[in-house]
Amino acid sequence: MHPEINWLQPAEMNLINPFYPPNKLSTLKVLKFGGTSLGSAERIRVATDITRANENCIVVCSAMSGMTNSLIQVAQSWENGETETALSQLETIRHPFDSHCSQLINNSDILSETGAIFNEVASLINGIFIPIYRSRVIALGEQVTSRMVCRYLQHIGNPAVLLDATSFLHLNDHDEPVVEDIARRFSADPLFSGKGIFVTQGFICRNHQGEVATLSRGGSDFTATLVGAALNAELIEIWTDIDGMHNNDPRHVAGTRPIRELSYTEAAELAYFGAKILHPTCVRPAREKNVPVCIKNTFDPSAPGTTIQAETPSTGIRAIAAKDNINILRITSGRMFNAYGFLAKVFEVFRKHRVPVDVVTTSEVSVSVTIEDATGLAPLLEELGQLGQVDLETDRCIICVVGDVLQPGHIACILQHLKVFDIRMVSLGASSNNITFVLPIAQKVEALNALQPVLSHSTDKSLALCTTTGS
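Just so you know, these numbers come straight off a predicted model, no measurement behind them.

**Re the sheet that holds strand β12 (residues 360–362)**
Hydrogen bonding along the main chain pairs the strands of a sheet, whether they run parallel or antiparallel. Read across the sheet, 6 strands follow the order β12-β13-β11-β14-β16-β15 without closing on themselves; strand pairing throughout is antiparallel. Strand pairing shows two members of the sheet lacking a second neighbour, β12 and β15 (425–428), which therefore form its edges. Strand-to-strand twist across the sheet, computed as the mean angle between neighbouring axes with direction ignored, equals 30 degrees. The pairing of strand β14 (residues 389–403) with strand β16 (residues 434–440) spans 7 bridges and is classified as antiparallel. From the neighbouring strand, Val 401 faces β16, where its bridge partner is Ile 435. Relative to strand β13 (residues 366–371), helix α12 (residues 342–352) is tilted by about 25 degrees, and along the sheet it contacts β11 (317–332), β12 and β13. Sitting on the sheet, helix α14 (residues 410–417) is in contact with β11, β14, β15 and β16, with an inclination near 15 degrees to β16.

Right, here's the structure in full:
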């Protein structure tokens, strides 16, 4: 028998209570701190200083930097039957964590509390591996980090309350969270009043069978926007290690700058197509409830960051993002010409094999799509082969240009800057605010730099730039 970990016990819920809250909580904020922002005792002090400036807030904590990756390794060792290795890896995680706790709080209480959580996970690992318990191991990072943050807030004089995310964040039978359900569970939680400072965990939840589960990687952003939408918060702040979303990838391009304002649609496109600063799924809940999202920098808290909201005053080309590890699938068939139902058959195959598609282009006799994961595709390729010839191109990337791309001259200017590259696919987004290009991944950095001048010019100037630089 595996022990049920006490700190993940579901709370008793009375879902008959009225929906909470009925109106926007004008003074409630949701603050999410990423792993780098909580990566040491000093970073936690900065995060709690930011938190204490807010009278009423919910703090969503990621695991300390590096913990989730290490815990995934622990779970993998356990799955491989390497129990002693898994336990040793767990201790390797525990020692620096204990050191950070001791630097923050000079008493043994916090070490006893977090130590009990580590011990419960160790007891779990000492048993037989069961796949549904994998998430319990991985969830440890958020559990101990949030407890340390909450206890430190209490230690310095703030009566913070620790909330268990698995008590209010449950997935439905489609493995999706539902904002209204989260709101009802908050309304039934006797620990939550909406007044004061509350600390909880990102990333972790319960599935529809009641087992501890996790959202996808980076899911703490998603937790924050789900909570903000459920509680109609005034603002959701995503605290990270960079001053907002940049207009190009600062890892590869010099002279990028933060974008001060983005629409929900623009932010969603950038996140989906490779901007790592924000989790792709997290924009939707905020947009549905019209709660602004602000991306802020814990290393420079006074910087304005990026605000994401319904309307933005700016026009023109806003930003560029890139997504690696892309593959192109081309299905060519003479039966597609002037035939109805062919595309439906193609995408039914993708649905059947649960393979998501990013970009789609079609011609009279072919359809091309991009997918991220090229492993385990043999059954998909075999079934698609019954519809036509199938070709697979690997080692590609997507470059997405976001903004008012339909303004006269913008697409021509973008293409002018990309004319020397081996473009394999082009797609204009259905929202008309993005155009995507697929090219060899080896050309990504050069292409990002080639497009950088487009971001610095208005429509008229960009037309002039294309005229003077093109040949």
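**Here's the deal with the environment of Cys 150**
Structurally, the position occupied by Cys 150 is in helix α6 (residues 140–155). For the pair formed by Cys 150 and Leu 231, sequence separation is 81 residues and the distance between their alpha carbons is 21 Å. With near-sequence residues (within four places) excluded, Cys 150 lies in contact with Ala 160, Val 161, Leu 162 and Val 199.

**Remarks on the packing of aromatic side chains**
Both the distance between ring centres and the angle between the ring planes are used here to describe each pair of aromatic rings. Counted under the stated rule, the structure contains 8 aromatic pairs. Consider the rings of Tyr 272 and Phe 273, whose centres lie 5.1 Å apart with planes at 90 degrees: the pair is edge-to-face. Accessibility expressed as a relative area gives 33% for Tyr 272, which makes it partly exposed. By the ring-pair criterion, three or more aromatic residues cluster together here, those being Phe 168, Phe 186, Phe 192 and Phe 198. In this structure, Arg 43 is placed above the aromatic ring of Phe 299, and the distance from its NZ or CZ to the ring centre is 3.9 Å.

Calculation rules
- Counting from 1, residues in each chain are numbered in the order their sequence is written.
- Confidence filtering applies because this is a predicted model: local features only for residues at pLDDT of at least 70, side-chain atom pairs given and counted only at 80 or more, and all residues used for totals across whole chains, interfaces and linings.
- The basis for every side-chain value is the complete set of heavy atoms in the structure, and neither hydrogens nor water enter the calculation.
- Paired strands, as defined in this entry, are two strands with at least two bridges between them according to DSSP.
- What counts as a helix is a DSSP run of H or I of at least four residues, what counts as a strand is a run of E of at least two, and both are numbered from the N terminus.
- Each axis is a line fitted through C-alpha atoms, and for a helix only the stretch in contact is used; angles between axes span 0 to 180 degrees, taken between their N-to-C directions.
- Only heavy atoms enter the contact rule, under which two residues are in contact if any of them lie within 4.5 Å.
- Each pair of aromatic rings taken from Phe, Tyr and Trp, with Trp reduced to its six-membered ring, is defined by centres within 6.5 Å and is described as stacked if the planes are under 30 degrees apart, edge-to-face if over 60, and tilted in the remaining cases.
- Burial here depends on accessible area, computed with a 1.4 Å probe over protein chains only, as a share of the maximum for the residue type. Under 20% is buried, over 50% is exposed, and the range in between is partly exposed.
- Both a distance and an angle decide whether a charge sits over a ring: NZ of Lys or CZ of Arg must be within 6 Å of the ring centre and within 35 degrees of the ring normal.

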